[in-house]
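Given next are the chains, with one letter for each unit.
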Amino acid sequence: MKLTLDHTQRLNLHALLGAQRADVGSIRAIWAIQDRIALDADEEKAVELKREMVAGQERTVWNPALSIPLREFEFSDAEIARIKAALETWSAYSASADRRWLEPLLNGITE
């Protein structure tokens with residue numbers, strides 16, 4: 001399945017996948033997805049991405065006024081299942097703050 005993701009979706013999905021608890025085999029599969037959707041150095045610079053340590057946890061922030069072109073990614077059925085499971089089991093969404101990036105992603109993987 002092909003998904004077209006903006007940088008906000010890529011960054012948030014990367015973080016969400018990184019927060020998953022799983023066995024070693026699943027972790028390696030998650031890393032493979034993360035590696036593919038990660039922003040490269042030029043993309044990070046274009047959105048002024050910064051990494052901060054907050055209470056011992058790394059957090060990424062970027063300039064919301066900046067953007068980069070959308071990118072299309074091809075995912076296997078197993079990868080889509082992992083992404084769906086991560087999205088469906090996460091309970092820290094904010095109904096208003098996350099809608100902009102989450103709703104199009106959910107619509108893309110459930111159609």
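See the structure above.
Thresholds applied
- Residues numbered from 1 in each chain as written.
- Predicted model: local features only at pLDDT ≥ 70, side-chain atom pairs only at ≥ 80, totals over all residues.
- Heavy atoms only, no water.
- Helix = DSSP H or I, 4+ residues; strand = E, 2+ residues; numbered from the N terminus.
- Buried < 20%, exposed > 50% of the residue type's maximum accessible area, 1.4 Å probe, protein only.
- Polar contact = N/O pair within 3.5 Å; in protein donor to acceptor, adjacent residues only side chain to side chain.
- Contact = heavy atoms within 4.5 Å.
- Salt bridge = Lys/Arg side-chain N within 4 Å of Asp/Glu carboxyl O.
- Expected span 1.5 Å × (residues − 1).
- Arc of directions from axis to C-beta.
- Pairing = 2+ DSSP bridges.
- Core = buried A, V, L, I, M, F, W, Y, C linked by side-chain atoms within 4.5 Å.

Participant: What is the right way to look at the side chain of Gln34 in this model?
Facilitator: Mapped onto the fold, Gln34 is located in helix H2 (residues 24-37). Using a relative accessible area of 9% as the deciding quantity, one classes Gln34 as buried. A distance of 2.8 Å separates a polar side-chain atom of Gln34 from the backbone oxygen of His14. With residues near it in sequence (within four places) discarded, Gln34 still touches His14, Leu17 and Gly18.

Participant: Looking at this model, I keep getting lost on the pattern of salt bridges. Mind explaining?
Facilitator: Once the charged atoms of two side chains with opposite charge are near each other, the side chains can pair. Under the defined criterion, the tally for this structure stands at eight salt bridges. Its salt-bridge partner being Glu79, residue Arg36 comes within 2.3 Å of it at the nearest N-O pair. Here Glu79 lies in helix H4 (residues 77-89) and Arg36 lies in helix H2, a separation of 43 residues in the sequence. For Arg36, a relative accessible area of 31% corresponds to the partly exposed category.

Participant: Please explain H2 as it appears in this structure.
Facilitator: Given 3.6 residues per helical turn, the α-helix brings residues three or four places apart onto the same face. With 14 residues, H2 should reach 20 Å at 1.5 Å per residue; the first-to-last C-alpha distance of 20 Å fits that figure. Buried within H2 are the following residues: Ser26, Ile30, Ile33, Gln34 and Ile37. Mapping the buried residues of H2 onto a view down its axis gives an arc of 100°, with all of them on the same face. For H2, the exposed residues set more than 90 degrees away from the buried face come down to Val24, Arg28 and Asp35.

Participant: I keep staring at the environment of Lys84 and nothing clicks. Help me out?
Facilitator: Summarising the element assignment, Lys84 is placed in helix H4. Here Lys84 falls in the partly exposed class, since its relative accessible area comes to 27%. Separated by 25 residues in the primary sequence, Lys84 and Ile109 place their C-alpha atoms 7.4 Å from one another.

Participant: I keep staring at helix H5 (residues 99-110) and nothing clicks. Help me out?
Facilitator: The first and last C-alpha atoms of H5 sit 16 Å apart over 12 residues, in line with the 16 Å expected at 1.5 Å per residue. Taken together, the buried positions of H5 are Trp101, Leu102, Leu105 and Ile109. Burial along H5 is one-sided: seen end-on, the buried residues are contained in an arc of 90°. Residues of H5 that are exposed and point over 90 degrees away from its buried face: Arg99, Arg100 and Thr110. Where H5 is buried, its residues touch strand S1 (2-5), helix H1 (7-18) and H4.

Participant: Honestly, the pairing of strand S2 (residues 50-54) in this entry has me stumped. Any pointers?
Facilitator: As a general feature of sheets, a regular strand has side chains that alternate between the two faces. Bridge analysis of S2 against strand S3 (residues 57-61) gives five bridges, and the strand direction is antiparallel. Across the sheet, Val54 pairs through a bridge with Gln57, a residue of S3. The hairpin turn running from S2 into S3, its antiparallel successor, is two residues long, and Ala55 in that turn takes a positive phi close to 50°.

Participant: Would you take a moment to explain the nonpolar core for this structure?
Facilitator: The tendency in soluble globular proteins is for nonpolar side chains to be buried as a group. In terms of nonpolar packing, the biggest core is built from 18 residues, with Phe75 and Leu87 touching the most fellow members. Contributing elements (two or more residues each) for this core: S1, H1, H2, H4 and H5. Once you skip the residues sitting within four places of it in the chain, Phe75 turns out to touch Met1, Leu3, Ile33, Arg36, Ile37, Ile80 and Ile83.

These results come straight from atomic positions and should not be treated as a statement about function.
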